[in-house]
Amino acid sequence: MFLAGLLLLIAGGEGLVRGASGIARHFRISPMVIGLTIVGFGTSAPELLVSLEAALTGQPGLAIGNVVGSNIANILLILGISAVMAPLVIPIRKMYRDFGFMLAAMALMWIMLLDGMIGRLDGAILFMGLIGFLAMAFFSGEVEPIDDMPLPSMPLAWAMTLGGLVGLVLGAGLLVDSASTIARSFGVSEAVIGLSIVAIGTSLPELTTSIIAALRKETEIAVGNVVGSNVFNVFGILGTTALVTPIPAEPRFAQVDMVWMAAATALLVLAALKLGTLPRWLGLGFLTLYAAYLAMMA
């Protein structure tokens with residue numbers, strides 16, 4: 001199951017990047033827009049399923065922790081590994097609105113967590129933010145020049161994209177379940193499994209997609225995937241979940257975890273503004289910070 005999950009993740013990530021890139025070129029849409037929307041939202045499907053199920057089964061801590069933890073992992077773990085594999089260009093002139101939405105989503109979530117409850121009104125406000133983000137992404141996207149590279153047919157590009165998404169979701173599920181079973185057989189505690197394997201497991205689609213995109217020099221898709229996922233996690237996943245059922249929030253989320261999420265987001269924005277890239281040394285720094293976050297939770 002572990003090997004099958006790994007193969008599905010690799011194949012799914014490759015199909016998603018190739019298909020999404022083909023769709024972008026067909027419509028002459030910037031790969032960044034595709035990364036922010038189809039790829040970013042599609043790879044967040046596991047988080048959506050986990051948060052909805054957790055809220056409906058009376059596990060509000062898991063529903064909120066999944067969103068906060070995934071956003072931290074997206075920046076520190078996923079961009080960290082991707083940058084170590086291949087330095088990432090961050091086109092801030094193209095992405096300043098997207099970074100603005102990511103910062104606004106984080107600030108809104110932090111404010112809503114302060115009173116200990118994310119209610120249906122909060123959910124509606126967050127979901128409206130998602131609609132605004134989608135409208136901005138598509139209407140402000142630059143038209144790309146036509147290139148000479150061969151294009152896959154449109155049906156094939158969509159099939160590769162959707163097939164890649166399915167492969168990523170199924171592969172992540174197999175990998176999390178099998179890794180948890182293997183860990184238990186070695187006597188690893190449930191707490192450690194939950195904080196590491198399961199928390200990182202729902203971010204595996206983003207991780208796989210960003211690494212493959214970075215290696216294929218599709219750095220706009222790699223960065224757009226993380227920014228889009230972080231926006232969707234707050235506006236889409238938390239918004240949808242709160243609309244279905246109000247979510248009580250433990251004080252630790254506002255007092256501890258949101259501080260880490262804010263710090264990670266601020267570091268990414270500073271790198272974009274000052275460097276315009278995410279070099280290998282900073283990728284290593286992100287990974288070190290993520291290790292410190294896991295150590296703090298344990």
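Just so we're clear, the structure is a prediction, and the values are computed from it rather than from any experiment.

Enquirer: Looking at this model, I keep getting lost on the overall build of the protein chain. Mind explaining?
Expert: Looking only at helices and strands, one finds twelve helices and four strands in the protein chain. When each of the 298 residues of the protein chain is scored for burial, the buried share is 51%. Long-range contacts, defined as pairs at least 24 residues apart, comprise 86% of the intrachain contacts of the protein chain with a sequence gap of at least 6. On the protein chain, roughly 12700 Å² of surface is accessible, and the fraction owed to carbon and sulfur atoms is 73%.

Enquirer: Before we go on, may I ask you to explain helix α1 (residues 2-26) in this structure?
Expert: Structurally, the α-helix is built with 3.6 residues per turn, so residues lying three or four positions apart point the same way. The first and last C-alpha atoms of α1 sit 36 Å apart over 25 residues, in line with the 36 Å expected at 1.5 Å per residue. A positive phi of about 55° marks R28, the residue just after α1.

Enquirer: So what exactly am I meant to see when it comes to the environment of L282 here?
Expert: Examined against the element boundaries, L282 turns out to sit in helix α12 (residues 280-297). Given the relative accessible area of 14%, L282 is considered buried. The spatial distance from the C-alpha of L282 to the C-alpha of P87 is 9.3 Å, given a sequence separation of 195 residues. Sequence-distant contacts of L282, defined by excluding residues within four places in its chain, comprise A271 and L275.

Enquirer: Honestly, the packing of helix α11 (residues 251-274) against α12 in this entry has me stumped. Any pointers?
Expert: When two helices pack together, their arrangement is given by the angle between the helix axes and by the axis-to-axis distance. Relative orientation of the contacting elements α11 and α12 amounts to 175°, with a least axis distance of 12 Å. Classified by the angle between their axes, α11 and α12 sit roughly antiparallel to one another. Where α11 abuts α12, its residues R252, V256, D257, W260, L267, L268 and A271 lie against L282, F286, L289, A292, Y293, M296 and M297.

Enquirer: Looking at this structure, how should I read the side chain of N71?
Expert: Residue position: N71 is located in helix α4 (residues 60-85). Not counting the four nearest positions on each side in its chain, N71 is found in contact with S229, N230, N233, V234 and M261.

Enquirer: Hey, could you run me through a nonpolar patch on the surface in this one?
Expert: A contiguous nonpolar patch, built from F2, L3, L6, I10, I182 and F186 and spanning about 610 Å² of accessible area, is present on the exposed surface. Looking at which element gives the most residues to the nonpolar patch, the answer is α1, with four residues. Mapped onto the fold, I182 is located in helix α7 (residues 154-185). According to the relative accessible area criterion, I182 is partly exposed, its value standing at 40%.

Enquirer: Help me understand the environment of V244 in this model?
Expert: Along the chain, V244 turns up in helix α10 (residues 219-244). By relative accessible area, V244 is classed as partly exposed at 40%. As for V244 and A55, which are separated by 189 residues in sequence, their C-alpha atoms are 8.6 Å apart. Those residues within four positions of V244 in sequence are excluded, and the remaining contacts are L52, L56 and R120.

Enquirer: Would you mind going over the environment of I75 with me for this structure?
Expert: With respect to the helices and strands, the residue I75 is situated in helix α4. Residues I75 and V227, 152 residues apart in the sequence, show an inter-C-alpha distance of 8.5 Å. Once residues within four sequence positions are removed from consideration, I75 is found in contact with G80, V226, N230, A264, T265, L268 and F286.

Enquirer: Sorry if this is basic, but what is going on with the nonpolar core here?
Expert: Across soluble globular proteins, nonpolar side chains have a tendency to be buried as a group. Residues I64, F99, M109, L113 and L278 are the most contacted members of the largest nonpolar core, which totals 78 residues. If we ignore the near neighbours within four places in the chain, the residues touching L113 are I64, I118, A249, F253, A254 and M258.

Enquirer: For this particular structure, what's the right way to read the packing of helix α3 (residues 45-56) against α4?
Expert: Here α3 crosses α4 at 160°, and the two axes come no closer than 6 Å. The orientation of α3 relative to α4 falls into the category roughly antiparallel. Our pair here, α3 against α4, has a crossing hand that is left-handed. Across from E47, V50, S51, A54 and A55 in α3, the residues of α4 making contact are P60, L62, A63, N66, V67 and S70. Its residues assigned to classes, the contact of α3 with α4 comprises seven nonpolar, three polar and one charged.

Enquirer: What should I look at first to understand the pattern of salt bridges in this one?
Expert: Between side chains of opposite charge, a pair can form as their charged atoms come close. On inspection of all chains with the given rule, the structure shows one salt bridge. Across the salt bridge formed by R252 and D257, the nearest N and O atoms sit 2.8 Å from each other. Judged by its relative accessible area of 3%, D257 is buried.

Enquirer: Sorry, what's going on with the packing of aromatic side chains here?
Expert: Two measures describe an aromatic ring pair: the distance that separates the ring centres and the angle between the ring planes. In total, this model carries three aromatic pairs according to the counting rule given. Ring centres of F101 and F133 lie 5.3 Å apart, and the angle between their planes is 65°; on these two criteria the pair is classed as edge-to-face. Highlighted residues: F101 in helix α5 (residues 92-113) and F133 in helix α6 (residues 120-139), separated in sequence by 32 residues. Here the aromatic rings of W260 and Y293 are separated by 5.2 Å at their centres, their planes lie at 50°, and the arrangement is tilted.

Definitions and limits used
Residues numbered from 1 in each chain as written. Predicted model: local features only at pLDDT ≥ 70, side-chain atom pairs only at ≥ 80, totals over all residues. Heavy atoms only, no water. Helix = DSSP H or I, 4+ residues; strand = E, 2+ residues; numbered from the N terminus. Buried < 20%, exposed > 50% of the residue type's maximum accessible area, 1.4 Å probe, protein only. Contact = heavy atoms within 4.5 Å. Areas by Shrake-Rupley, 256 points an atom, 1.4 Å probe, with all protein chains shown as cover. Expected span 1.5 Å × (residues − 1). Axes fitted to C-alpha atoms, helices over the stretch in contact; angles between N-to-C directions. Parallel < 35°, antiparallel > 145°, perpendicular 65-115°, else oblique. Patch = residues over 30% accessible without salt bridge, like charges linked within 9 Å, V, L, I, M, F, W, Y side chains within 5 Å. Salt bridge = Lys/Arg side-chain N within 4 Å of Asp/Glu carboxyl O. Core = buried A, V, L, I, M, F, W, Y, C linked by side-chain atoms within 4.5 Å. Left-handed = near helix turned anticlockwise from the far one by under 90°. Nonpolar A, V, L, I, M, F, W, Y, C, P; charged D, E, K, R; others polar. Phe/Tyr/Trp six-rings, centres within 6.5 Å; stacked < 30°, edge-to-face > 60°.

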